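Summary of structural features
The chain contents come next:
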Amino acid sequence: MPQKLTSEALVALVSGVLFGAGLALGGMTDPARVRGFLDLFGDWDPTLAFVMGGAVLVMAIAWLIQPRMIHPLFSEAFTLPGVRDITPRLVIGAGLFGIGWGLAGLCPGPGIAALVIEPASAAVFVVTMLIGMVLVRLFEKDA
Amino acid sequence: MLAAFPQAAPLAGLGGGVLIGLAAAVMLLGSGRIAGVSGIFARATGVASSSLPRLAAWAFVLGLPLGALVVMAVNGPIAAHFLSLPWIAVAGLVVGVGTRLGSGCTSGHGVCGLSRLSPRSMVATLTFMATGIATVAIVNAFN
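A few points on the structure.

Thresholds applied
Residues numbered from 1 in each chain as written. Chains lettered and ligands numbered in written order. Predicted model: local features only at pLDDT ≥ 70, side-chain atom pairs only at ≥ 80, totals over all residues. Heavy atoms only, no water. Helix = DSSP H or I, 4+ residues; strand = E, 2+ residues; numbered from the N terminus. Contact = heavy atoms within 4.5 Å. Core = buried A, V, L, I, M, F, W, Y, C linked by side-chain atoms within 4.5 Å. Buried < 20%, exposed > 50% of the residue type's maximum accessible area, 1.4 Å probe, protein only. Buried area = accessible area lost by both parts, 1.4 Å probe. Salt bridge = Lys/Arg side-chain N within 4 Å of Asp/Glu carboxyl O. Polar contact = N/O pair within 3.5 Å; in protein donor to acceptor, adjacent residues only side chain to side chain. Axes fitted to C-alpha atoms, helices over the stretch in contact; angles between N-to-C directions. Parallel < 35°, antiparallel > 145°, perpendicular 65-115°, else oblique. Nonpolar A, V, L, I, M, F, W, Y, C, P; charged D, E, K, R; others polar.

Concerning the environment of Phe-82 of chain B
Examined against the element boundaries, Phe-82 of chain B turns out to sit in the loop between α3 (54–75) and α4 (85–101). Discounting residues that sit within four places of it in the chain, Phe-82 of chain B has contacts with Thr-29, Pro-31, Leu-106, Ala-114, Glu-118 and Ser-121 of chain A together with Ile-88 of chain B.

Right under this line is the structure:
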């Protein structure tokens, strides 16, 4: 296996493990906690705000370091989103995502991490999420 | 301050958030990419193409449950209250469609984009927060 591919896969694995551990530790793999955060007008659970705050704070430091680097530690170049337009597609998509997120209390990360916590439920979420993604792809091919 | 919210877990939430921020920082500074779970999952499953090697995408996706396993090994069982499978299936579909249309989820827009002060991510995050809060309020009104 080429050395570059190995190091990129290792970086991704470390990132994924840290991410999954953070989700589990922060309670985000429990849909009741996520729905509790979104239950702003009911029995509000602010935990997710601490998760989000901690993550954004650490990541903001990384964004300060990034422009001072010529290239990433284990790859040749930064490949970051350059699109800046706020489109109807973005708003409709984010709006739909929020509906699903509130409905089940699950977003993609916790859904995948929960495969080892509540396997059957998480598997249904992950498979139907994949079907939804494939549907978008099929429609876009027709367009 | 949090006495009014006995169910909150601010310290675990903050700890989890810091881990998630570190995960996103490792991806950015190590590999030069955004740690967006929906995008990386779409790349791993072949729904989307990107410069991220497919092996690395799978390494990240598999890392998520691995990280949750680490937390379970250290902290013991993780609480998880899932809805019934039909609701999870509907939510999964909507999340799948929404994240593709909206180019991201809580991790890509919420953690990586917000900390980068990306206008697109701010709009997306406000939108999915709003529809998520509305969804929970409506569902709870019928329960």
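Some points on the nonpolar core
Phe-19, Met-59, Trp-101 and Ile-112 of chain A together with Phe-60 of chain B are the most contacted members of the largest nonpolar core, which totals 74 residues. Broken down by element, this core gets its largest block of residues, eight residues, from α3 of chain B.

A look at the interface of chain A and chain B
Facing 104 residues of chain A, the contacting portion of chain B comprises 103 residues. Regarding the contact of chain A and chain B, the summed buried area is about 9400 Å², with carbon and sulfur atoms giving 78% of it. Considering only the side of chain A, the residues that lose the most area to chain B are Phe-19, Leu-103 and Met-133 of chain A, jointly responsible for 8% of the buried surface there. At the boundary of chain A and chain B, one finds one salt bridge. Of the charged contacts, one joins Arg-33 of chain B and Glu-8 of chain A as a salt bridge, the two residues approaching to 2.6 Å between their closest N and O atoms. At the boundary of chain A with chain B, the tally comes to 24 residue pairs in polar contact (both at pLDDT 80 or more). Looking at the side of chain A that touches chain B, the elements with two or more residues in it are α1 (3–25), α2 (31–38), α3 (47–65), α4 (88–104), α5 (108–113) and α6 (119–142) of chain A. Here the side of chain A that touches chain B takes 18 residues from α1 of chain A, the largest share from any one element.

Concerning the packing of α2 of chain A against helix α6 (residues 119–141) of chain B
Between α2 of chain A and α6 of chain B, the least distance of the axes is 8 Å, while the angle of their chain directions is 100°. The angle between α2 of chain A and α6 of chain B falls in the class roughly perpendicular. Along the contact surface, α2 of chain A presents Arg-35, Phe-37 and Leu-38 of chain A, while α6 of chain B presents Met-129, Gly-132, Ile-133, Val-136, Val-139 and Asn-140 of chain B. Classifying every residue of the contact of α2 of chain A with α6 of chain B by side-chain character gives six nonpolar, two polar and one charged.

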